[in-house]
Each structure stands twice: as structure tokens, then as C-alpha cells.
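Spelled out from the first residue to the last, the chains are:
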Amino acid sequence: MPIKYHELDCVINGEYSIKCRRDGNEVFIPFFGFIQKYFEIYGKLSTEDGYERLEWEHSYSTVHRPREKYSPAGVFMSFEYYNVEERDRVRCISAMEGVPLSTQWTQNGHYYPIQISQFGLSHLSKYLTQPEAEVVTLEDGEDELESWILPDKRSQIELRKDPDLSTTLVEFTTSDSLKNPGISLPVDEKEDFVLSADIKFATDGSITVTIDTPGLQLFYIHYVLSSRLIFLDGHDIYYGLGDRRGQWMHITRDIAIDFDKGLALKYNKSKRTKMKLKVSRIKVVIVRGHGWLDNLTLSTTAHLDHFYNAANWLVLHQNDRGGWPISVQRKLIPKVLELEPGWYSAMAQGQAMSLLVRAYLRSHNTKYIQAAVDAMKLFEIPSMQGGVLAKYADRYDWYEEYPTTPSSFVLNGFIYSLFGLYDLKEVTSGEESKMAERLYNKGIESLKHMLLMFDNGSGTFYDLRHITLGIAPNRARWDYHTTHINQLLQLSVMDDSEIFKVTAQRWMDYMKGKRAKHN
Ligand SMILES: *[C@@H]1O[C@H](CO)[C@@H](O)[C@H](O)[C@H]1NC(C)=O
Ligand SMILES: *[C@@H]1O[C@H](CO)[C@@H](O)[C@H](O)[C@H]1NC(C)=O
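These figures come from a predicted structure and were not determined experimentally.

## Notes on the site of ligand 1
And step 1. All residues in the neighbourhood of ligand 1 are listed as L165, L169, D198, W248, D294 and N295.
And step 2. A distance of 3.4 Å separates an oxygen atom of ligand 1 from a polar atom in the side chain of D198.
And step 3. Contact distances for ligand 1 include 2.8 Å between a nitrogen atom and a side-chain N or O atom of D294.

Now the structure itself:
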């Protein structure tokens, strides 16, 4: 058939024109060159059964239906799909603290309590939903030590009974120099890349993991007794364990992540992929210095270790106001809505509560629940006085993710803070439970009154800056819009008020391009 289209100009709002095609009475407008950007929709070419087609999506993210019953001990929302440590804005997992260091808002990096809580909640949620990890024990001090290779005659490795721990340990003695080949254990593991160990050094010392890549280039990750976070030098990556000589350390390292973050200091993501820089095999584990070792394992995952690392970080770093001050400046709107370092976030407080409640319910260790209870204090202190409480129209209490003055009323952070209060009120009793319940009820009442202020008829607003500052609204991009929906679906499991269900459904329809009726 001869091509019958002819080219014509489409004039857009009288402002500029683009080239289109005409076929009889129909006009065809370029999808990739125009429609996609103009209407903020998404498309890609694909092939199915040998036929090419265009797949058109109004939005790019997916809604996760919550479980039918909610439990403060259980999976947190759909966080089993989160991979916090893989995010670009995670510099690395600190070997000193076992938690992520964020580069959001500052290149130097800072410990961001929200990211740390999300890291812990995602690992617990994965633990509860994924198949059990495979664990390969490399050394537990129970058998002969013949697999270990000594570098020279002066080096030693032997089994020792430890009276305090009532267990057998492996004592190793060799030079602590990184130039020393060290006492090494051939491993050759191709699947399970999470290393765990209990280790104590009497002298300076280190653990090294030798890594192979698909391109057969060898790399070395050294965990050393230094307080330097992370450092790359050629094929050597260093992580500081802190100055912890003479102390037992339980370390858990995802070697694939540690490798990737080390190389990220030099190569961006596409370069790392192109150069095939990923772990294909762990070849050898090496110890140096004088110390004791036990429970050396490689496993598919070690979610509970990561979960407790996050919970322990929160307990250790909570201050006497019950808060986790955020150490970077935050500019919500430069020069207008800014927070100076040391601000608190209701979202951080709330997500920490959700994590701490879960740590308490698993371990029965009361330090976790105490920290969660203390975290409530800031909810009663107005933003102006360094707390997180805002009021809308002098009437509705709102817990601020960013406690700016004037208030910003960020929706998703507020709802996360309510989840924390909900978890806390469910597991506490007496005065503590009353306080959590009061704060939760006030918040939920505000939410029911204010929720629809975030609805624009075809999408949602991220915050209420258009109302408090009289400026253009801040539309939620699709992933935040989806977060709003996921949160409402979760709320409708906790609270049977119709507004959450009905609104969630309408907001899901917006993701397919449906709009509220116009007059
Ligand atoms: C190794 O693990 C066992 C079992 O969990 C534990 O009893 C022992 O204390 C651990 N060793 C060290 C040195 O922590
Ligand atoms: C509402 O938000 C959506 C999604 O951000 C946007 O596409 C739409 O233009 C907005 N509508 C109005 C009336 O502001």
C-alpha cells in the first residue's frame, strides 16, 4: 500500500509548532517527541508474539495492596520491596555502626534517622516474607583447623576454650601489616555473599575478603580498625570498623553492597555495569594481627542482623529530648522554608517508633520500647520551640516531617508518624499507651478533616505550601502519589472510616488518567 500520510504543522496553543502527519481526517502527533513530555505520561516500544507495540502508561509506579490484617510486629507496609542500601544516596553501610550513611542534602554524608529506620524496617519485612537464608559455616571453632593456610613459621592458629563465653574460639597470631599475606581460608563461594563473624583483636588487625568479578579481576575488601569510613585505592577497598581493639564485635557485611559502594567512589553506576564490576565469587577470607574469631559464616541474607543494627543505632543515638536530631540544613524552599541543623522530624520519630516496637516485640528487650516511648515527647512541642507539632487553622494538630515556620504540612511524613504512634499505642499500657492513643487520635482526626486538601482532581499535592505561603502548589510526583495511596490503603486496614478507602480508590484512578468530574 502506498504511504498516504502527508506532513503538516501542529500549532501548540499558538506558541510554537511541531511536525505531525495527516491521513484523511485524522492527524497523528509524535509520541516520543511530543506527547510523552507534554502530558507527562510514559511509553515504551515492546514486542509480544512477534508484534511490535507501544505500551502507554499514565504513571510509572505501582500500588502495593497491604495485608488484610495489620500487626505492629509484622511487615511494615510493603517495605519488603525497598532496597535502601542500593540507593545512590546511600554512601555505604558504615562498618562502625552497621547502618547506612546518607548523602542526601550533603556530600559529606550524615546519619539520617529516617533512612536508618527504613533500612531496618525493610530488612525485617524481607525477613518475614522471604525464604529462609542459606548459611555456610566457614569456621565455628568446633573442628580441626586444617583448611587455614599460614603465611610463615611465626604465624599461628589454634583452638581455645573461652571460659567466659563457654565456647571454643579460634585464636590467630600473625603480623598485622596489610602487606602480610595473612592467615587465609580458601572459600570459593558463588552465591552467598553476606559475611558474618564474631571477632576480637588484641593488636591492630583486619579481616580481608578476596573477591572475583565476571571479568576475572581480583579485588580486596579490608575491614580495618580505623575510624575512616570508606576508602578506595586501586583494587583495595577499606572499611573502618572503628577503634574497637579489645572488644568483641559482631560484624555482618553484605559483600556485594560493600564492593559496589567502594567502586562507586570512582565509577558511576553505568560504568560499573559496563565494566562488569560485581561480585561473582568470594575466593578467600583472611585475618591479620592477633585476635580471636568465632561464628564465621557466609549466607544469602542476614536481615535480622541489619534490623537490630538499625534498632541499636536508634537506642544509642537518641538524645534526652527523645529525638534524633538531623545534622544537615534542609531547604524546603530556599530562603523561605529552611531548617537549621539539629531539627527533628515527626517522620523520623514515627518510623523509629515502628522499628523499635518491632525490635521490642521480637527481643523482649525493654530498651527498645523505652526509646519508642521517649520518642513521643517531641510530638507535644510546637515546631517554633524545636518540636514537630504544627496546628492548622489553630485547630488541627499535625506532626511535621519538616517542622518549618510557616508550617509545610507534608502529607506522607505525617502519615508515617501516625503509623509509629499506632504501633506504640498497641503495645504499651497505662500512661504511655494513653499518651500514644491521644496523639494518634488527634492526628487521625486532623487527617480526616484535611486529607482532601491534598486532592487536586487528577493527582495529589505533596504538601500545603500553596495554602500556608500563597505560592504555586507542589504537585506530588507519581511515586509520592503512590506512597499516599499505599498509606491510605494501610490506614483503611487500621481504621474503618470510609474516607480512606474511597479516597484511595479515586487516587488510584488518577494513576490511569481518570479525573474527578468538572462542573
Ligand atoms: C557464636 O555463636 C554461638 C551461638 O549463637 C554463641 O553462643 C557464641 O557466644 C558465639 N561466639 C561469640 C564469640 O560471640
Ligand atoms: C493535579 O496533579 C496532577 C499530577 O501531578 C497533574 O497532572 C495535574 O495537572 C494537576 N491538576 C491540577 C488541576 O492542578
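Having seen the structure, we can now continue with the description.
## Notes on the packing of aromatic side chains
And step 1. Under the definition given, this model contains 32 aromatic pairs.
And step 2. Where F31 meets W56, the ring centres are 5.5 Å apart and the plane angle is 45°; that geometry is what we call tilted. Here the residue F31 occupies a position in helix α1 (residues 31–38), and W56 occupies one in strand β5 (residues 51–57), the gap between them amounting to 25 residues.
And step 3. Plain terms: the ring middles of Y38 and F39 are 4.9 Å apart, the flat faces sit at 75° to each other, and that makes the pair edge-to-face.
And step 4. Over the ring of Y239 we find R253, and its NZ or CZ is 5.3 Å from the ring centre.
And step 5. Against the face of Y440 rests K425, its NZ or CZ located 5.2 Å from the ring centre.

## Things to note about the pairing of strand β18 (residues 330–333)
Successive side chains on a regular strand alternate, one facing one side of the sheet and the next facing the other.
And step 1. Sheet analysis places β18 next to strand β19 (residues 337–339), joined by three bridges and oriented antiparallel. In the strand pairing of β19, K331 is matched with E338.
And step 2. Counted between consecutive antiparallel strands, the loop separating β18 from β19 contains three residues, among which K335 sits at a positive phi close to 70°.

## So, the UniProt feature "domain: D-glucuronyl C5-epimerase C-terminal" (unreviewed entry) in the protein
And step 1. Mapped onto the present numbering, the UniProt feature "domain: D-glucuronyl C5-epimerase C-terminal" (unreviewed entry) falls on residues 318–508.
And step 2. Segment residues 318–508 splits into 51% helix and 8% strand. End C-alpha atoms: 38 Å apart.

Here is what the cut-offs are and how they apply
Residues numbered from 1 in each chain as written. Chains lettered and ligands numbered in written order. Predicted model: local features only at pLDDT ≥ 70, side-chain atom pairs only at ≥ 80, totals over all residues. Heavy atoms only, no water. Near = heavy atom within 4 Å. Polar contact = N/O pair within 3.5 Å; in protein donor to acceptor, adjacent residues only side chain to side chain. Phe/Tyr/Trp six-rings, centres within 6.5 Å; stacked < 30°, edge-to-face > 60°. Helix = DSSP H or I, 4+ residues; strand = E, 2+ residues; numbered from the N terminus. Lys NZ or Arg CZ within 6 Å of the ring centre and 35° of its normal. Pairing = 2+ DSSP bridges. UniProt positions renumbered as here; feature names shortened; annotations may be inferred.

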